Amino acid sequence: MDHHSPHYLLVDDHSLIREGMMHAIRSLQPSARFSQANTCRGALSQLAGASADPIDAILLDLGLPDSSGVDTLKHVRQVAPTQRIGIITGSTDAQLALECIHHGASCFIPKLGELDGFMTALQALVEGRLHFPADLLSNPGAMPDSPDLVPSVKLTPRQKDVLTWITRGCSNPVIATALGISPETVKLHVSAIFRAYKVHSRTQLVLLCSRQAPAEEQLP
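Residues numbered from 1 in each chain as written. Predicted model: local features only at pLDDT ≥ 70, side-chain atom pairs only at ≥ 80, totals over all residues. Heavy atoms only, no water.

## Points about the sheet that holds strand β5 (residues 105-110)
As a general point, the strands of a sheet are linked pairwise by backbone hydrogen bonds and lie either parallel or antiparallel.
Move 1: On the basis of which strands lie adjacent, the open sheet formed by 5 strands has the order β2-β1-β3-β4-β5 and parallel pairing. Either end of the sheet is taken by a strand with one partner, and the two such strands are β2 (33-37) and β5. The mean inter-strand angle of the sheet, taken between neighbouring strand axes irrespective of direction, is 20°.
Move 2: Here 5 bridges tie strand β3 (residues 57-61) to strand β4 (residues 84-89), and the two strands are oriented parallel to one another. (Pairing = 2+ DSSP bridges. Helix = DSSP H or I, 4+ residues; strand = E, 2+ residues; numbered from the N terminus. Axes fitted to C-alpha atoms, helices over the stretch in contact; angles between N-to-C directions.)

See below:
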């Protein structure tokens, strides 16, 4: 984020969770500003009305009174195509996590468990890094075969630009608009990146970047 006062949207139907998130983020980033919503509809309304004061990142609970599961993320991603989205979750379901990555989540923030894990995940969100559950990163079924080759990957400057937007969970059309190139050109770059990293999907690529952290310093 390139704002001096980053703007977060906290979406959870429990006010205590939102207050806890706000307090924790302020401890990491004192200048942070916040908007809040307790339903999916409320979140969409906040995002639609935020043109004068854009929201930089969204912390999203998937279980809301008017929406649940990955559908919640899909609805929010439609109106927030470039914002980074962190999932606030009490779930340990690896399949759900993989679906969330596929639909644009870049960070998982556990509601349960140790405080250290909660703060580590929030720190990653604040710093613009990827963060996923450790058991997901060690799941052989989710990971490509040759992760050790990642540090030697060589990308062109434009491919690095595309990778930055991929790790933010952005779709090809959104990347095309952001970079001022055609969707077809983006598709070619994405295919080249997949070959370079020896992966077959965005989900694998994002997980690999999270584990190896090759893209962290490229984030805007």
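## A word on the environment of Asp-12
Move 1: Positionally, Asp-12 belongs in the loop between β1 (7-11) and α1 (15-28).
Move 2: Residue classification places Asp-12 among the buried positions, given a relative accessible area of 0%.
Move 3: Distance from Asp-12 to Leu-62, taken between C-alpha atoms, is 8.2 Å for residues 50 residues apart in sequence.
Move 4: Apart from residues lying up to four places away in sequence, Asp-12 is in contact with Ile-17, Arg-18, Ala-37, Asn-38, Asp-61, Leu-64, Ile-88 and Lys-111. (Buried < 20%, exposed > 50% of the residue type's maximum accessible area, 1.4 Å probe, protein only. Contact = heavy atoms within 4.5 Å.)

## Section: the pattern of salt bridges
Move 1: Per the stated rule, a full pass over the model turns up 6 salt bridges.
Move 2: Among the salt bridges present, the one from Asp-161 reaches Arg-158, with a minimum N-O distance of 3.4 Å. You can see Asp-161 and its partner Arg-158 sitting in helix α7 (residues 157-167), 3 residues apart, about one turn around the helix.
Move 3: The exposure class of Arg-158 is partly exposed, given its relative accessible area of 31%.
Move 4: Among the ionic contacts, a cluster of salt bridges with common partners joins Asp-12, Asp-61 and Lys-111. (Salt bridge = Lys/Arg side-chain N within 4 Å of Asp/Glu carboxyl O.)

## Some remarks on the confidence of the model for the protein
Move 1: For the protein, the average pLDDT comes to 85, and 86% of its residues sit at 70 or higher.
Move 2: Here residues 214-220 scores under 50 on pLDDT; set against residues more than four positions off or in separate chains, the count is 19 contacts. (pLDDT = per-residue confidence, 0-100.)

## Some thoughts on the environment of Phe-194
Move 1: Here Phe-194 shows up in helix α9 (residues 183-197).
Move 2: Residue Phe-194 is classed as buried on the basis of its relative accessible area of 17%.
Move 3: In this structure, the C-alpha to C-alpha distance between Phe-194 and Leu-163, residues 31 residues apart in sequence, is 10.0 Å.
Move 4: Those residues in contact with Phe-194, other than ones at most four positions away along the chain, are Val-199, His-200, Ser-201, Arg-202 and Leu-205.

## Considerations on the pairing of β1
Each regular strand carries side chains that alternate between the two faces of the sheet.
Move 1: The buried count for β1 comes to 5 of 5 residues, which makes it a mostly enclosed element.
Move 2: Residues His-7, Leu-9 and Val-11 line one face of β1 and the alternating positions Tyr-8 and Leu-10 line the opposite face, and both faces are buried.
Move 3: In the classification by handedness, the crossover that spans β1, the intervening α1 and the parallel β2 is right-handed.
Move 4: Pairing of β1 with β3, which is carried by 4 bridges, proceeds in the parallel orientation. Paired with Leu-10 across the strands is Leu-59, a residue of β3. (Right-handed = clockwise from strand over helix to strand, strands pointing away.)

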